[in-house]
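# Notes for the structure review
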Amino acid sequence: MSEEAVVKQEGTSGQGVAAGGEQAGARPGGAVLEGTGDAAAAEAAAGRDGGPAAAGRKKAAVVRGAGETPDLESYRGVGIFIEQHGSQAAPVAWELAGIGRKLADKLGVELIGFVAGHQVEAVAQEAVERGCDRVLVMDHPALGVYRNEAYARVLTPVIREVKPEIFLLGATTTGRDLAGTIATTLQTGLTADCTQLDVDPETRLLDAIRPAFLEKQLAVILCKKHRPQMATVRPKMMEPAPRQPGRQGEIIRVPVDLDESTLRTRVLGVIDEPDPQAQLERADVVVAGGRGLQDPKNLKLLFDFAQVVGGVVGASRAIVDAGWIGREHQVGQTGLTVRPKVYFAFGISGAIQHTVGMENSELIIAVNKDPDAPIFKVADLGVVGDLFAIVPALQAELARRLDALLAEEPEAGGAAGGQEDGESQGAAAAARAGA
Ligand SMILES: Cc1cc2nc3c(=O)[nH]c(=O)nc-3n(C[C@H](O)[C@H](O)[C@H](O)COP(=O)(O)OP(=O)(O)OC[C@H]3O[C@@H](n4cnc5c(N)ncnc54)[C@H](O)[C@@H]3O)c2cc1C
């Protein structure tokens, strides 16, 4: 990714559209983003709708408002939305705490957590221990289950009051849904699905960085004239902030005035189905396959292997598009981003649209018969050979070692180390966790 071209795009939004229009012609990279709002500009810059042509189409989305530039100096601090469900923080919340802390330190400002929900004391406390200096808590029964209207109504005035210069949310279903409403209400700029973030302490501008034009370029999108500078951040791209028990911070309970009868959405019930996507995103071990498997019946190879190592099955888009396996298994740009301890790639060429979804895995093990397959550029361990010979052999060997390890388990608590190398211990642990 590092050798790819970086296109700097400028975005303005809401009432700033006039300025956006003026600058549009001068923008590098060929994407003419005339008179679009930031959200639209960001999407267009990212080629989501086909790039420049789409940007042209979006001309119609011009929002005409009072062109007043807010007093940028009055905005300070980095705000993060601490997403939670059922009083459990979403993993992306602590990933935002990690990157948010770095940005705040670079700017010399506070990291401010925003928690909305019901009975979320423990989440607020953990936010402090994960690096927030201040946590604003909006606790109300009507916020128990996420609803756009209720959350936006509660959060937007608080953000307006607190005036963070940057405000980040996770690019989850909830975060993406909420971010759009908040950004349009505050009439500010939003970049969706960022994979990197940085900030310039001189200009205090957030570099909202995301793949663009089918991942071939990185777009750096700026929001120069509006605040807060908003971005959603793709889960699993940032290191989660470590928990520091005993870390001190201020927890502020914000009174919430919400009348259930004024909300248009009713939640009748929540169906608690095991979510296969969430399973893949949380897995410690992912066993992924691609077109090299040659026939859908050979998927059995993946599922058998996954069972032995306690892993979850992933797939390239090629075999998802071919209808071999459901889309909930797809890893990559248009699928899921995973960050397991071990990622097995069997018969996957390693196209950038695939690797962008798995390159942050701790250990990548690839089997491919083509020594020039790009997957070997991101693999830590690679085997050049026929997967139909190698995968079953690897599985048999891993099963043998795991059996040996698990046989020693009754004396557990004691020294499991010494007999096996680290890799198979990791696999054993994963197998136990998955069992
Ligand atoms: C807009 C866009 C979005 C995309 N999003 C995604 C995405 O989210 N995820 C994704 O995965 N792709 C995505 N793609 C597609 C991506 O570009 C590749 O086409 C795709 O990842 C290729 O899948 P593959 O590696 O399974 O197949 P191939 O590229 O066909 O690779 C198959 C590999 O298997 C190897 N092989 C064959 N037989 C054997 C054998 N017997 N033993 C060992 N190895 C063998 C071959 O050497 C080859 O390297 C996207 C593309 C576009 C344009």
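Presented here is a report on the structure given in the accompanying data block. Source: prediction; values computed, not measured.

### Some thoughts on the pairing of strand E16 (residues 342-346)
- The buried fraction of E16 amounts to five of the five residues, a majority that puts the element mostly inside the structure.
- Going residue by residue along E16, you find Val342, Phe344 and Phe346 tucked away on one face and Tyr343 and Ala345 tucked away on the opposite face as well.
- In this structure, strand E14 (residues 285-289) lies alongside E16, joined through five bridges in parallel fashion. Residue pairing across strands places Ala288 opposite Ala345, the latter belonging to E16.
- Bridge count for E16 against strand E17 (residues 363-368) is five bridges, and the pairing is parallel. By the bridge assignment for E17, Phe346 is matched with Val367.

### Re the pattern of salt bridges
- In the structure shown here, the tally under the stated rule is 25 salt bridges.
- Its salt-bridge partner being Asp198, residue Lys106 comes within 2.7 Å of it at the nearest N-O pair. Of this pair, Lys106 sits in helix H4 (residues 91-107) while Asp198 sits in strand E9 (residues 196-200), placing them 92 residues apart in sequence.
- Arg243 is the salt-bridge partner of Glu129, the closest N and O atoms lying 2.7 Å from each other. Taken together, the residues span a long stretch of sequence, with Glu129 in helix H5 (residues 121-129) and Arg243 in the loop between strand E12 (229-233) and strand E13 (250-253) at a distance of 114 residues.
- We classify Arg243 as partly exposed; its relative accessible area is 42%.
- Within this structure, Glu73, Arg76, Glu165 and Arg204 form a network of salt bridges that share partners.

### Quick notes on unusual backbone geometry
- With an omega of -5°, the peptide bond running from Arg227 to Pro228 counts as cis.
- By secondary structure assignment, the location of Pro228 is in the loop between strand E11 (217-223) and E12.
- Located in the positive-phi region is Ser87, a residue other than glycine, with phi close to 65°.
- Structurally, the position occupied by Ser87 is in the loop between strand E3 (84-85) and strand E4 (88-89).
- On the accessibility criterion, Ser87 (27% relative accessible area) is partly exposed.
- Within the chain, Lys236 stands out as a residue other than glycine whose phi angle is a positive 75°.
- Within the element layout of this structure, Lys236 appears in the loop between E12 and E13.
- Judged by its relative accessible area of 16%, Lys236 falls in the buried class.

### Focus on the site of the ligand
- Neighbouring the ligand are 27 residues; Ser316, Gln330, Thr334, Ser349 and Asn368 lie closest to it.
- Contacts to the ligand include Val331, whose backbone N or O atom sits 2.8 Å from a nitrogen atom.
- In the model, an oxygen atom of the ligand is placed 2.8 Å from a nitrogen or oxygen of the His354 side chain.
- When the ligand is considered free in solution it has 990 Å² of accessible area, and contact with the protein chains removes 80% of it.
- Of all the secondary structure elements, the ones that give two or more residues to the shell around the ligand are helix H10 (317-321), helix H11 (352-355) and helix H13 (387-407).
- Split into classes, the residues belonging to the shell around the ligand amount to seven nonpolar, 15 polar and five charged.

### A few points about the side chain of Arg227
- Its place among the elements puts Arg227 in the loop between E11 and E12.
- Buried and unpaired, Arg227 has no salt bridge, with Glu165 as the nearest side chain of opposite charge at 5.7 Å.
- At 3.1 Å, the side chain of Arg227 forms a polar contact with the backbone oxygen of Cys223.

Thresholds applied
- Residues numbered from 1 in each chain as written.
- Predicted model: local features only at pLDDT ≥ 70, side-chain atom pairs only at ≥ 80, totals over all residues.
- Heavy atoms only, no water.
- Buried < 20%, exposed > 50% of the residue type's maximum accessible area, 1.4 Å probe, protein only.
- Helix = DSSP H or I, 4+ residues; strand = E, 2+ residues; numbered from the N terminus.
- Pairing = 2+ DSSP bridges.
- Salt bridge = Lys/Arg side-chain N within 4 Å of Asp/Glu carboxyl O.
- Near = heavy atom within 4 Å.
- Polar contact = N/O pair within 3.5 Å; in protein donor to acceptor, adjacent residues only side chain to side chain.
- Areas by Shrake-Rupley, 256 points an atom, 1.4 Å probe, with all protein chains shown as cover.
- Nonpolar A, V, L, I, M, F, W, Y, C, P; charged D, E, K, R; others polar.
- Lys, Arg positive; Asp, Glu negative; His and termini not counted.

Without other data, these values stay purely geometric and don't point to any function.
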